[in-house]
Amino acid sequence: MAIKFSKNEILEMIENAKFDIRSFYKQDFVNYAGKTKDSKEYYTEIIAEWLLSHVDLFNKIKLINREGSYRIESHDGKIINQESNRAEEKIAMKLFDYSQNKGEIFDKIGKIIDYQTPLKNVQTDDAGKIDLLAYNEDTDTLRILELKKSDSKETMLKCLLEVYTYLKIVNKVKLLKDFGLPENTKIKACPFVFYGKEQYKEMQEDRKYLKELIEKLGIEVIYLEEKDGEYSVVK
């Protein structure tokens, strides 16, 4: 990023964006890499520290009551358009195919039970789609996975805020019912990023407030690895 901002400029951006917390993760500054020009702090650390002091704001994110089923019967994991440039969706569909058609049970997350799960009730709703849903029968845990391709430059902060927003938006009771899961199933929000890549590297650095925010929100980071065209979850 060519332009350098001061700490106060970042804080001002945060204050201007806090009134629409559901769209907070979409703000450009959430995805700024690097450090401020004055305090030499990571931009994301300033944001994460501020969010830790204002975590109650996330309770203002209203769920969307989807009337239709979250489960889309036509989802079969088959990639119809091989020329699609939507790399993340193609990876998601391949992982889904592994589970649904090849019986793959992934370490930690279990079985992939859906991809591109809709959150909207009507077309005008401001919500994306859940990249992947994975259910671990052994731990009775459903994971909402926000997948990022291996060359993604998005910050870990953006990844976790996006998937946590989806966790707040989704009607959890209906989600479990639509997929025939026990009503006491635990639901976790999980950035699903590639081992050794940008987001992983952030987590190896001194990112105190980012890590505290992950813990505070109950986020679980899951790492994906690709070798010879095959995918696995890093233990």
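Rules of the game
- Residues numbered from 1 in each chain as written.
- Predicted model: local features only at pLDDT ≥ 70, side-chain atom pairs only at ≥ 80, totals over all residues.
- Heavy atoms only, no water.
- Pairing = 2+ DSSP bridges.
- Helix = DSSP H or I, 4+ residues; strand = E, 2+ residues; numbered from the N terminus.
- Axes fitted to C-alpha atoms, helices over the stretch in contact; angles between N-to-C directions.
- Contact = heavy atoms within 4.5 Å.
- Buried < 20%, exposed > 50% of the residue type's maximum accessible area, 1.4 Å probe, protein only.
- Phe/Tyr/Trp six-rings, centres within 6.5 Å; stacked < 30°, edge-to-face > 60°.
- Lys NZ or Arg CZ within 6 Å of the ring centre and 35° of its normal.
- Core = buried A, V, L, I, M, F, W, Y, C linked by side-chain atoms within 4.5 Å.
- Salt bridge = Lys/Arg side-chain N within 4 Å of Asp/Glu carboxyl O.
- Disulfide = S-S within 2.5 Å.
- Expected span 1.5 Å × (residues − 1).
- Parallel < 35°, antiparallel > 145°, perpendicular 65-115°, else oblique.
- Left-handed = near helix turned anticlockwise from the far one by under 90°.
- Nonpolar A, V, L, I, M, F, W, Y, C, P; charged D, E, K, R; others polar.
- Polar contact = N/O pair within 3.5 Å; in protein donor to acceptor, adjacent residues only side chain to side chain.

S.K.: Now, about the sheet that holds strand 4 (residues 186–194): what can you tell me, with residues and values included?
M.R.: Pairing within the open sheet is mixed, and its six strands lie in the order 1-2-3-4-5-6. Single-partner strands in this sheet number two, and they are strand 1 (111–118) and strand 6 (230–233). Going from strand to strand, the sheet's axes swing by 30 degrees on average, the running direction of each strand aside.

S.K.: Hey, could you go over the environment of arginine 22 for me, with residue numbers and the actual values?
M.R.: Take arginine 22: it is sitting in the loop between helix 1 (7–17) and helix 2 (43–53). Here the alpha-carbon distance between arginine 22 and leucine 167, two residues 145 residues apart in the chain, equals 11 Å. In contact with arginine 22, other than residues within four places in its own chain, are Ile61, Lys62, Ile64, Asp126, Thr165 and Ile169.

S.K.: Break down unusual backbone geometry for me, with residues and values.
M.R.: A positive phi angle is found at lysine 108, which is not glycine, with a value near 75 degrees. Overall, lysine 108 belongs to the partly exposed group, its relative accessible area being 36%. Phi is positive for aspartate 140, close to 50 degrees, though the residue is something other than glycine. As for its position among the elements, aspartate 140 is in the loop between strand 2 (129–136) and strand 3 (141–147).

S.K.: Let's hear about the packing of aromatic side chains: which residues, and what values?
M.R.: Geometry of an aromatic ring pair is reported as the spacing of the ring centres plus the angle between the planes. Per the stated rule, a full pass over the model turns up twelve aromatic pairs. Ring centres 4.6 Å apart and planes at 50 degrees place the aromatic pair tyrosine 195 and tyrosine 200 in the tilted group. For tyrosine 200, a relative accessible area of 18% corresponds to the buried category. Taken together, the ring pairs in this structure connect Phe5, Tyr32 and Tyr43 into an aromatic cluster. Its guanidinium or amino end placed over the ring of tyrosine 42, lysine 35 lies 4.8 Å from that ring's centre, counting from NZ or CZ. Directly above the aromatic system of tyrosine 42 lies the positively charged group of arginine 207, at a separation of 3.5 Å from the ring centroid.

S.K.: If you had to explain the nonpolar core to someone new, which residues and values would you point to?
M.R.: Among the nonpolar cores identified, the biggest contains 59 residues, and Phe24, Leu51, Phe58, Leu142, Leu157, Leu160 and Leu161 are the most heavily contacted of them. In terms of residue count, the dominant contributor to this core is helix 4 (residues 156–169) (ten residues). Core analysis: the next-biggest nonpolar cluster, separate from the first, contains 21 residues, Tyr98, Phe106, Ile112 and Val233 among them.

S.K.: I'd love a proper account of the pattern of salt bridges, names of residues and values included.
M.R.: For the structure shown, the criterion picks out 15 salt bridges. Across the salt bridge formed by glutamate 41 and lysine 7, the nearest N and O atoms sit 3.1 Å from each other. With glutamate 41 in the loop between helix 1 and helix 2 and lysine 7 in helix 1, this pair connects stretches of sequence that are 34 residues apart. Residue classification places glutamate 41 among the partly exposed positions, given a relative accessible area of 24%.

S.K.: An account of the state of the cysteines is requested, with residue identities and associated values reported.
M.R.: Per the stated rule, a full pass over the model turns up zero disulfides. Left unpaired, cysteine 159 is separated from the closest cysteine sulfur, that of cysteine 190, by 12 Å.

S.K.: Mind laying out helix 4, listing which residues take part and the relevant values?
M.R.: With 14 residues, helix 4 extends 20 Å between its outermost C-alpha atoms, agreeing within 8% with the 20 Å of an ideal straight helix rising 1.5 Å per residue. With respect to burial, helix 4 is a largely interior element, 14 of its 14 residues being buried.

S.K.: Could you give me a rundown of the packing of helix 2 against helix 7 (residues 208–216), with the residues and numbers involved?
M.R.: Running from N to C, helix 2 and helix 7 cross one another at 40 degrees; their axes reach a closest spacing of 8 Å. What the angle tells us is that helix 2 and helix 7 run oblique. For helix 2 against helix 7, the interelement crossing comes out left-handed. Taken together, the residues of helix 7 that come into contact with helix 2 (itself represented by Glu45, Ala48, Glu49, Leu51 and Leu52) are Lys208, Tyr209, Leu210, Glu212, Leu213 and Lys216. Of the residues in the contact of helix 2 with helix 7, the class split is six nonpolar, no polar and five charged.

S.K.: Tell me what's going on with the environment of arginine 143, and back it up with residues and numbers.
M.R.: If you trace the backbone, arginine 143 turns up in strand 3. Residue arginine 143 is classed as buried on the basis of its relative accessible area of 5%. On a C-alpha basis, the gap between arginine 143 and cysteine 190 in space is 6.5 Å, while along the polypeptide they are 47 residues apart. Apart from residues no more than four positions distant in its own chain, arginine 143 is found in contact with Lys108, Ile109, Leu132, Leu133, Ala134, Asn136, Lys188, Cys190, Glu220 and Ile222. Of the polar contacts made by the side chain of arginine 143, one reaches the side chain of glutamate 220; its length is 2.8 Å.

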